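Residues per chain, in single letters:
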Amino acid sequence: MSETSRFRSFEGGHGALKGAQTAWDMLSGEQMQKHITTGCEELDAILGGGIHCKEVTEVGGVPGIGKTQLGYVYPFQLRIVLKGSEVATEAYTKPYRIQLAVNVQIPVECGGLGGKAIYIDTEGSFMVERAHQIAEGCISDLLDNTAHRLKDFPACPEILQPNSFLANIFYFRICSYTEQIATINYLEKFLEEQKDVKIIVVDSITFHFRQDFDDLALRTRVLGGMSLKLMRFAKKYSLAVVLLNQVTTKFVEGSFHLTLALGDTWSHACTNRIILYWNGNDRHAYIDKSPSLRSATTPFLITGKGIRNATSHCKRVRMM
Amino acid sequence: MLPGIEPLNPLLLLPAQKLTLGCPVLDRLLRGGLPVGSVTEIAGESAAGKTQLCLQLLLAALLPPSRGGLSAASLFIHSEFPFPIRRLHALSSSSSAADSLDHIFVAAAHSPDDLLSLLATADGLLARPPTHLPVRLIVVDSIAALFRSDFDNNPKDLKKRSFLFFKIAAKLKEQARRFGSVVVVTNQVVDVVGSEEGANGQRVGNYASLWSSGRRVCPALGLSWANCVNTRLFLSRKDEVADDGGSSRTRRWMQVVFAPHLPEASCEFVIVREGVSGIEPQRVSWTIAGHATGKRLAMASLDLTSIAL
């Protein structure tokens, strides 16, 4: 086989290696990729623009640090970002600030192409009143940031209502690990029907797996299977998966260390890992693992509106 | 297919149902009361007011929804003895419902396994309530007392202990979800020794440190139990000697340590003959157990006023 013909067969995406893609194709795919923001620019900045679609991101931290708050935020910000994405994809390679601007032009066109979210609540921490409050916060920020632009477009108030944001969340409440496995399996079929789902949040992946599992090897296998499924959904439907995890103490060489739950094997299950922690009286986020992002840390605030910058300037972001 | 696997529209969960604490000031602190469908922990040292608050909740649950109640009976599982029946009776005679004690089911648990089997049989009580009222409040007072003895401080026992935490919490959460009930669990505190934050050098929640009776404390049972509750409230107390030097009085505070739906906030309360009641924020001189900083206090009072608005 000559050099040229071999090249051609790969270009076609079939032939010797079915489904193979060139790195070039992957790069351009990557550049088209969408991010979902938090509303906290500093946090988005260390994440390279926000949570990535097609990837599984794990967020861990102690109780009360703000994991669930982060879980609430994404489904709403998602609505905003996706509306922008259809129109001006190239804007996404630019800094995140532009995203917001772009995002806003679109609700005006009212295509109603906003993405939907799946929220899997295993702990009972989803408080709809708080979610409603955050949706309001998103909307008011959106209007503040773009008041000068909005006058150029006909208003579209019904899309910018907290209730319409909430109605685009599919909420699953899970009470046991069998239900959790069954739900993830059910998503296979569900996503086939609901193609506009763009994010899956699991709050938390851990809770039901920390009960008496006599056979820890079985637990690892079950969790592994679940994470593979979620990763496949992420790729296939180009959606983002956010898994919230708890922290635990681990006994190493006679002393206790703090670490994310579910063990060492699990730590391979996610593409990115963000750890939230207390630094004095400030909440901080830290990128613990990522194939493409620099290790970095930033403070953030939890406000009535959701997650916000801890400072007015972006100077406190520290790259390491 | 398993039940509950169909997705729900969150709008159907609005307005969020709450159980009143039986006091408008404390309700304001918690934005209406304790949420239905999740587990709330009330932690505090002995005599901080945990059981008093629980007894008040039992009676509050009987109130009609128009007064913040659930029109529901309740299940009280106690592991500390004896059950304060005289106090409950005194409280109930001042409440309006005549037959309130008929709708409060009391059971005792002596060990974690005991509690688990009790909760398993409680499914029957919750599904088929013996009176005309549904049972929609479950109180466990206290969880810490169950774990006080049987476990050593070695990795194997700690692991066993935390498995049990998650098993108990999962069962309580399942009942909270299935029967739309409010679950309240009380917890004791342990002293914090040394300068490190929290029990394992780890801060949990809004406060870098919690103080009660002039001691630095943190809720018992460690980090793994903290992962099991949705909301953690902390009750603290402090004895103060009046200026004339003679009489001393006890001041008490409730603090929101963490909650998915609440900001950091706190409120002073008193325990009187009629029960537990909060003190309006403007009358509170902001010295939370004498240790919080001025900045934090200003924030806390701001929070309260915004809630009041």
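Residues numbered from 1 in each chain as written. Chains lettered and ligands numbered in written order. Predicted model: local features only at pLDDT ≥ 70, side-chain atom pairs only at ≥ 80, totals over all residues. Heavy atoms only, no water.

> Hey, could you run me through the overall build of chain B in this one?
Broken down by element type, chain B carries eight helices and 14 strands. Here chain B holds 309 residues, and 56% of them are scored as buried. Partitioning the intrachain contacts of chain B with sequence separation of at least 6 by distance along the chain shows that 70% fall at a separation of at least 24. (Helix = DSSP H or I, 4+ residues; strand = E, 2+ residues; numbered from the N terminus. Buried < 20%, exposed > 50% of the residue type's maximum accessible area, 1.4 Å probe, protein only. Contact = heavy atoms within 4.5 Å.)

> What exactly am I supposed to notice about the interface of chain B and chain A here?
The extent of an interface is frequently quoted as the accessible surface area lost upon association of the parts. Tallying the contact residues gives 49 residues for chain B and 48 residues for chain A. Carbon and sulfur atoms supply 64% of the area that chain B and chain A bury against each other, a total of about 4100 Å² over both sides. The largest per-residue losses of area from chain B upon contact with chain A belong to Phe163, Phe166 and Pro260 of chain B, which jointly make up 14% of the total buried on that side. For the pair chain B and chain A, the interface holds one salt bridge. For Lys18 of chain B, the salt bridge is made with Glu129 of chain A, and the minimal N-O distance between the two is 2.7 Å. Across the chain B-chain A interface, the total number found is eleven residue pairs in polar contact (both at pLDDT 80 or more). For the side of chain B that touches chain A, the class distribution of residues is 26 nonpolar, 13 polar and ten charged. (Buried area = accessible area lost by both parts, 1.4 Å probe. Salt bridge = Lys/Arg side-chain N within 4 Å of Asp/Glu carboxyl O. Polar contact = N/O pair within 3.5 Å; in protein donor to acceptor, adjacent residues only side chain to side chain. Nonpolar A, V, L, I, M, F, W, Y, C, P; charged D, E, K, R; others polar.)

> Would you mind showing me how to read the confidence of the model for chain B here?
In regions of low pLDDT, the predicted coordinates are not meant to be interpreted in detail. Confidence in the prediction for chain B averages 84 pLDDT; 85% of positions are at 70 or higher. Contacts of residues 283-309 of chain B to residues separated by more than four positions or lying in other chains number 39 contacts, the stretch itself having pLDDT below 50. (pLDDT = per-residue confidence, 0-100.)

> How do you make sense of the pattern of salt bridges when you look at a structure like this?
Pairing of side chains with opposite charge becomes possible as their charged atoms draw close. A full pass over the atoms with the stated rule returns 18 salt bridges over all chains. Salt-bridge contacts for Lys195 of chain A lead to Glu192 of chain A; the nearest nitrogen and oxygen are separated by 2.9 Å. For Lys195 of chain A, a relative accessible area of 48% translates into the label partly exposed. A salt bridge links Glu240 of chain B to Arg249 of chain B, with the shortest nitrogen-to-oxygen separation between them at 4.0 Å. Connected via shared salt-bridge partners are Lys238, Glu240, Arg249, Arg251 and Glu268 of chain B.

> What exactly am I supposed to notice about the environment of Leu146 of chain B here?
Residues and elements named next belong to chain B. You can see Leu146 is positioned in helix 5 (residues 143-146). In sequence terms Leu146 and Asp114 are 32 residues apart; their C-alpha atoms lie 9.2 Å from each other. Discounting residues that sit within four places of it in the chain, Leu146 has contacts with Ser79, Ala109, His110, Ser111, Pro112 and Leu115.

> Sorry, what's going on with the sheet that holds strand 3 (residues 39-44) of chain B here?
Note on sheets: strands pair through backbone hydrogen bonds, and any given pair is parallel or antiparallel. Residues and elements named next belong to chain B. The sheet built from nine strands is open, its strands ordered 5-4-6-7-3-11-12-13-14 with mixed pairing. Bordering the open sheet on either side are strand 5 (104-108) and strand 14 (275-278), each of which pairs with just one other strand. Strand after strand, the sheet turns through a mean of 25° between neighbouring axes, direction not considered. Alignment of strand 6 (residues 135-141) against strand 7 (residues 182-187), held across four bridges, turns out to be parallel. Within the sheet, the bridge partner assigned to Ile138 lies in strand 7 and is Val183. Together, strand 4 (73-78), strand 5 and strand 6 form the strand contacts of helix 4 (residues 112-127), whose direction differs from that of strand 4 by roughly 170°. (Pairing = 2+ DSSP bridges. Axes fitted to C-alpha atoms, helices over the stretch in contact; angles between N-to-C directions.)

> Can you walk me through the pairing of strand 14 of chain B in this structure?
A regular strand carries its side chains on alternate faces of the sheet. Residue and element names in this part refer to chain B. Where strand 13 (residues 266-272) meets strand 14, four bridges bridge the pair, whose relative direction is antiparallel. Within strand 14, the residue paired with Phe269 across the bridge is Gly278. Here strand 13 folds back onto strand 14 in antiparallel fashion, the turn holding two residues.

> Explain unusual backbone geometry here, please?
Across residues other than glycine, the phi torsion is negative in most instances, and most of the peptide bonds are trans. Geometrically, the link from Asp203 of chain A to Ser204 of chain A is a cis peptide bond, its omega value of -10° lying close to zero. In this fold, Ser204 of chain A is placed in the loop between strand 6 (197-203) and helix 9 (216-236). Following Asp141 of chain B, the chain continues into Ser142 of chain B via a peptide bond in cis, with omega recorded as -5°. Tracing the backbone through its elements, the reader meets Ser142 of chain B in the loop between strand 6 and helix 5.

> I'm lost on the sheet that holds strand 9 (residues 210-212) of chain B in this one. Help?
All names here are of chain B. Strands sit in the order 8-10-9 across an open sheet of three strands; the sheet is antiparallel. Because the sheet does not close on itself, it has two edges, and the strands there are strand 8 (189-191) and strand 9. The average angle at which neighbouring strand axes cross in this sheet is 55°, direction not considered. In the sheet, strand 8 pairs with strand 10 (residues 215-219) via three bridges, with the strands oriented antiparallel.

> Can you walk me through the packing of aromatic side chains in this structure?
The relation between two aromatic rings is expressed through the spacing of the ring centres and the mutual angle of the planes. For the coordinates displayed, the defined rule picks out twelve aromatic pairs over all chains. Consider the rings of Tyr186 of chain A and Phe190 of chain A, whose centres lie 5.8 Å apart with planes at 40°: the pair is tilted. One end of the pair is Tyr186 of chain A and the other is Phe190 of chain A, both in helix 8 (residues 177-193) and four residues apart, which spans about a single turn. For the pair formed by Tyr186 of chain A and Phe190 of chain A, the shared burial category is buried. Through a chain of ring-to-ring contacts, three or more aromatic side chains come together here, namely Phe170, Phe172, Tyr186 and Phe190 of chain A. In this arrangement the basic side chain of Lys173 of chain B is found over the ring face of Phe207 of chain A, its NZ or CZ atom lying 4.0 Å from the centre. Above the ring of Trp278 of chain A, the side-chain terminus of Arg203 of chain B is found at 3.6 Å from the ring centroid. (Phe/Tyr/Trp six-rings, centres within 6.5 Å; stacked < 30°, edge-to-face > 60°. Lys NZ or Arg CZ within 6 Å of the ring centre and 35° of its normal.)

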